[in-house]
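# Remarks on the overall topology
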Amino acid sequence: SPSHNSVRPVRRMTSPQDHMAEMGLDTADFNMSGSQISKDEKDKAQKILDASVKLADNRHCADCNALGPRWASMNLGIFVCLNCSGIHRRLGVHISKVKSVTLDG
């Protein structure tokens with residue numbers, strides 16, 4: 001059986017819009033202007049994150065394969081573990097904008 005550190009096959013990533021459509025959501029439901037968002041918009045975004053992190057392809061850190069990543073690179077569309085999130089933060093937000101799936105508001 002494969003070890004914890006074995007390489008998983010890479011699956012073609014679908015767009016965030018495709019994931020939203022699969023969950024019955026539409027980009028028109030969201031404020032994309034970058035201005036302050038409503039509680040309803042935050043709740044919808046959290047629903048997407050919660051559903052996405054539970055997908056089989058997201059159960060391991062995209063960088064090191066650790067089980068149960070709880071951080072997301074919002075602009076790269078990947079989930080990473082705590083250790084790798086620190087590396088992403090040090091890269092700078094122009095490379096990777098990392099947020100906790102459960103802590104950041």
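For the structure, see preceding data.
Before going into details, it helps to say that this report is about the structure given with it. (Residues numbered from 1 in each chain as written. Predicted model: local features only at pLDDT ≥ 70, side-chain atom pairs only at ≥ 80, totals over all residues. Heavy atoms only, no water.)

Bringing the pattern of salt bridges into the picture now. Counting across every chain of the model gives two salt bridges. As a salt-bridge pair, Lys39 and Asp43 come within 3.1 Å of each other at their nearest N and O atoms. One end of the pair, Lys39, and the other, Asp43, are both in helix H2 (residues 39-53), four residues apart, so they sit about a helical turn from each other. For Lys39, a relative accessible area of 62% translates into the label exposed. Among the salt bridges present, the one from Asp40 reaches Lys44, with a minimum N-O distance of 3.7 Å. Pair noted here: Asp40 and Lys44 are both in helix H2, with a separation of four residues, about one helical turn. Judged by its relative accessible area of 47%, Asp40 falls in the partly exposed class. (Salt bridge = Lys/Arg side-chain N within 4 Å of Asp/Glu carboxyl O. Helix = DSSP H or I, 4+ residues; strand = E, 2+ residues; numbered from the N terminus. Buried < 20%, exposed > 50% of the residue type's maximum accessible area, 1.4 Å probe, protein only.)

Moving on, we get to a nonpolar patch on the surface. Residues Ile87, Leu91 and Ile95 make up a contiguous nonpolar surface patch of about 250 Å² in total accessible area. Within the element layout of this structure, Leu91 appears in helix H3 (residues 82-91). For Leu91, a relative accessible area of 42% translates into the label partly exposed. (Patch = residues over 30% accessible without salt bridge, like charges linked within 9 Å, V, L, I, M, F, W, Y side chains within 5 Å. Areas by Shrake-Rupley, 256 points an atom, 1.4 Å probe, with all protein chains shown as cover.)

This brings us to the sheet that holds strand S2 (residues 78-80). Pairing within the open sheet is antiparallel, and its three strands lie in the order S2-S1-S3. Of all strands in the sheet, those bounded by a partner on one side alone are S2 and strand S3 (98-100). Sheet twist, expressed as the average angle between the axes of neighbouring strands with direction ignored, equals 35 degrees. Relative to S3, strand S1 (residues 71-73) runs antiparallel, the two being bridged by three bridges. Bridge pairing in S3 links Ser73 to Val98. Its contacts with the sheet put H3 on S1, S2 and S3, and the angle it makes with S2 is roughly 115 degrees. (Pairing = 2+ DSSP bridges. Axes fitted to C-alpha atoms, helices over the stretch in contact; angles between N-to-C directions. Contact = heavy atoms within 4.5 Å.)

As for its position among the elements, Ser96 is in the loop between H3 and S3. With relative accessibility at 1%, the residue Ser96 sits in the buried group. Within the structure, the side chain of Ser96 is placed 2.7 Å from the side chain of Ser73, a separation counted as a polar contact. For Ser96, the contacting residues outside a window of four places in its chain are Ser73, Asn75, Leu76 and His88. (Polar contact = N/O pair within 3.5 Å; in protein donor to acceptor, adjacent residues only side chain to side chain.)

Here the focus is the state of the cysteines. Here the structure, examined in full by the defined rule, presents zero disulfides. Looking at Cys61, it has no disulfide partner, and the nearest cysteine sulfur is the one in Cys84, 3.7 Å off. We classify Cys61 as buried; its relative accessible area is 1%. Lacking any disulfide linkage, Cys64 is separated from the closest cysteine sulfur, that of Cys81, by 3.7 Å. (Disulfide = S-S within 2.5 Å.)

None of the figures reported here should be taken as evidence of function without further support.
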